[in-house]
Amino acid sequence: MRRVAKLSAACLATAALALSATACGSTSSENDKSSSSSSSGGKGVKIGLAFDVGGRGDRSFNDSAARGADKAKSEFGGEIKELTAKTSDTEADREQRLSDLAEAGYNPIIGVGYAYSDSLAKVAVKYPKTSFGIVDSVVDAKNVDSITFTEEQGSYLAGVAAALKTKKDHVGFIGGVDVPLIKKFEAGYVQGVHDTNPKIKIETQYLSHGSDTSGFASPDKGKEAAQGMLDKGADVIYSAAGSSGNGAIEAVSGAKGAWAIGVDSDQYNIPGLAKYKNSILTSMVKNVDVGVYDFIKATHDGKPLTGVNSYSLAKNGVSLATSGGFIDDIQAKLDAAKKKIVDGGIKVKTTP
């Protein structure tokens, strides 16, 4: 682990980070946050978190990563520096954000989201003594831990749940951005639905495309998309769309007999969504917090993880939340489907 030998050096590095982050225009006072623990006694970790759009508080993907970092900080002491992406980010902005953290001595540094893959690959080479992690992408470098998940497997189970719970044989899928990662969610969900009941109709909509990441941070778009599906007759809607999914959940909560399926975090238990929780059938939980924590702990222990570390259904890297008890009546069928996937009897597709 890189350590700053003198207090004055640490202060200068932190000041430099604040100045450079402001200068590049990729952060603001609202998304440039740090927290520290006086209990570290110099033996803690300096964790750098480069969030995807939405940042801490998205009630989904970024919050899951934050939980992992918070747990590590609580156990090991130290501090967390958070910088958050904007929808207008360029590749240079992302590269600058990671470089700022490395220059300030943060180690490990985690890029939360596939959008950091190219920039992290460049920055990791420049800072070979710093340990980098990236969530949802693979970067081939000696000092990078690629934290990946089998989203398609968890989404398959979400599809089975949707098929068993729909009363209208009509369900929906909302993707945040039309990219390969989110296509994995769609592919698994569609396969799970149709393997359970091939007669079910599935509505699919993406909120943005390509380099436009606004689909992950637009609850209004999520709400509109979900309302459109409800109007067409869908009564179960699964969203893989970051904070945009919060809008979809809100729309579903206003439709009698309809269900929303959350994503990444157990959204039934998210305080900000409490008033909608009785409409959240389940959530396809992606344990980003576990992957982030494992990486930080390994770095703290002096044995940083590298290469590709995949968190699969078999390893409980993905799962369906049971909060609320709404899937208790179909749990046996979900368990049977899970067993077939784990045993290899069901091969889940990664593309629709």
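What comes next concerns the included structure.

Cut-offs used in this document
Residues numbered from 1 in each chain as written. Predicted model: local features only at pLDDT ≥ 70, side-chain atom pairs only at ≥ 80, totals over all residues. Heavy atoms only, no water. Salt bridge = Lys/Arg side-chain N within 4 Å of Asp/Glu carboxyl O. Helix = DSSP H or I, 4+ residues; strand = E, 2+ residues; numbered from the N terminus. Buried < 20%, exposed > 50% of the residue type's maximum accessible area, 1.4 Å probe, protein only. Axes fitted to C-alpha atoms, helices over the stretch in contact; angles between N-to-C directions. Left-handed = near helix turned anticlockwise from the far one by under 90°. Contact = heavy atoms within 4.5 Å. Nonpolar A, V, L, I, M, F, W, Y, C, P; charged D, E, K, R; others polar. Pairing = 2+ DSSP bridges. Right-handed = clockwise from strand over helix to strand, strands pointing away. Phe/Tyr/Trp six-rings, centres within 6.5 Å; stacked < 30°, edge-to-face > 60°.

### Some thoughts on the pattern of salt bridges
Scanning the model with the defined rule gives 17 salt bridges in all. The salt bridge involving Lys 184 is made with Glu 152; its shortest N-O contact spans 3.7 Å. Separated by 32 residues along the polypeptide, Lys 184 in helix 6 (residues 180–196) and Glu 152 in helix 5 (residues 151–165) bring together distant segments of the chain. Of the charged contacts, one joins Asp 343 and Lys 339 as a salt bridge, the two residues approaching to 2.7 Å between their closest N and O atoms. One end of the pair is Asp 343 and the other is Lys 339, both in helix 10 (residues 331–343) and 4 residues apart, which spans about a single turn. There is no split in this pair, since Asp 343 and Lys 339 are both exposed.

### A word on unusual backbone geometry
Here the amide bond leading from Asn 107 into Pro 108 is cis, since omega sits at 15°, within 30 degrees of zero. Within the element layout of this structure, Pro 108 appears in the loop between helix 3 (91–103) and strand 4 (109–112). Of note, Arg 59 is a non-glycine position whose phi angle comes to about 65°, a positive value. Examined against the element boundaries, Arg 59 turns out to sit in the loop between strand 2 (45–51) and helix 2 (61–76).

### Looking at the packing of helix 2 against helix 9 (residues 288–300)
Between two packed helices, the angle of one axis relative to the other and the distance separating the axes together describe the packing. Following both chains from N to C, one finds helix 2 and helix 9 inclined at 35°, their axes separated by 7 Å at the closest point. In terms of crossing hand, the pair formed by helix 2 and helix 9 is right-handed. Only Val 288, Asp 289, Val 292, Tyr 293, Ile 296, Lys 297 and His 300 of helix 9 make contact with helix 2, whose side of the interface consists of Phe 61, Ser 64, Ala 65, Arg 67, Gly 68, Ala 69, Lys 71, Ala 72, Glu 75 and Phe 76. In the contact of helix 2 with helix 9, the residues fall into 9 nonpolar, 3 polar and 5 charged.

### Looking at the pairing of strand 8 (residues 201–209)
As defined by bridge partners, strand 7 (residues 170–178) adjoins strand 8 across 8 bridges and the pair is classed as parallel. When the bridges of strand 8 are listed, Gly 172 appears paired with Glu 203. In the classification by handedness, the crossover that spans strand 7, the intervening helix 6 and the parallel strand 8 is right-handed.

### As for the packing of aromatic side chains
Throughout the structure, instances matching the rule amount to 9 aromatic pairs. Ring centres of Phe 173 and Tyr 206 lie 6.1 Å apart, and the angle between their planes is 65°; this geometry places the pair in the edge-to-face category. Pair noted here: Phe 173 is in strand 7 and Tyr 206 is in strand 8, with a separation of 33 residues, a long-range link. Note on Phe 173: relative accessible area 0%, which makes it buried. Residue classification places Tyr 206 among the buried residues on the basis of a relative accessible area of 12%. Arranged with centres 5.7 Å apart and planes meeting at 65°, the rings of Phe 173 and Tyr 238 form a pair that is edge-to-face. Placement of Phe 173 in strand 7 and of Tyr 238 in strand 9 (residues 236–240) is noted, with a sequence separation of 65 residues between them. This pair shows no difference in class: Phe 173 is buried, exactly as Tyr 238 is. An aromatic cluster is built from Phe 173, Tyr 189, Tyr 206 and Tyr 238, whose rings are joined through pairwise contacts.

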